[in-house]
Amino acid sequence: MDGTLVKRPSALVPVVMSLAAMATLILHIAMVGDLKFGRTVHSLAKLLGRYHNISFTLVSPAELRMPQVIVDALRSTGHQVLETENMEEGLHDCDTVYL
């Protein structure tokens with residue numbers, strides 16, 4: 001195992017701890033960039049999909065959109081998901097932006 005595999009889960013610890021502390025709040029998260037091939041955004045979306053009261057805005061060019069299977073999984077668990085190519089629209093009223 002190379003060292004990179006060991007470090008990745010630890011990068012999510014602050015996110016998980018913050019979300020656990022804010023379990024009763026409504027959180028609006030924007031994910032921006034290459035959402036089609038970005039493994040970290042796929043993992044983060046799946047992790048955050050386990051929490052309640054999170055809405056997602058996915059900002060990317062059409063050819064780099066989040067895979068539909070992930071978007072469908074988020075929606076099927078009750079999350080609001082907005083997909084847009086417009087950065088200004090996508091970042092409006094967000095609590096957190098993940099680039």
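Structure: see above.
What counts and what doesn't
Residues numbered from 1 in each chain as written. Predicted model: local features only at pLDDT ≥ 70, side-chain atom pairs only at ≥ 80, totals over all residues. Heavy atoms only, no water. Helix = DSSP H or I, 4+ residues; strand = E, 2+ residues; numbered from the N terminus. Buried < 20%, exposed > 50% of the residue type's maximum accessible area, 1.4 Å probe, protein only. Polar contact = N/O pair within 3.5 Å; in protein donor to acceptor, adjacent residues only side chain to side chain. Contact = heavy atoms within 4.5 Å. Core = buried A, V, L, I, M, F, W, Y, C linked by side-chain atoms within 4.5 Å.

### Remarks on the side chain of threonine 57
Part 1 of the reasoning: Structurally, threonine 57 can be placed in strand 2 (residues 54–59).
Part 2 of the reasoning: A relative accessible area of 3% places threonine 57 in the buried class.
Part 3 of the reasoning: Looking at threonine 57, its side chain comes within polar contact range of the side chain of histidine 28, at 2.7 Å.
Part 4 of the reasoning: When near neighbours in sequence (up to four residues on either side) are disregarded, threonine 57 contacts His28, Ile29, Ala30, Met31, Leu82, Thr84 and Gly90.

### Some remarks on the nonpolar core
Nonpolar side chains tend toward joint burial in soluble globular proteins.
Part 1 of the reasoning: Counting 16 residues, the largest nonpolar core has Met31, Leu48, Phe56, Leu58 and Met66 as the members making the most contacts within it.
Part 2 of the reasoning: Of all elements in the fold, only strand 1 (27–32), helix 2 (39–48), strand 2 and helix 3 (68–76) reach the threshold of two or more residues within this core.
Part 3 of the reasoning: If one sorts the elements of this core by residue count, helix 2 sits on top with four residues.

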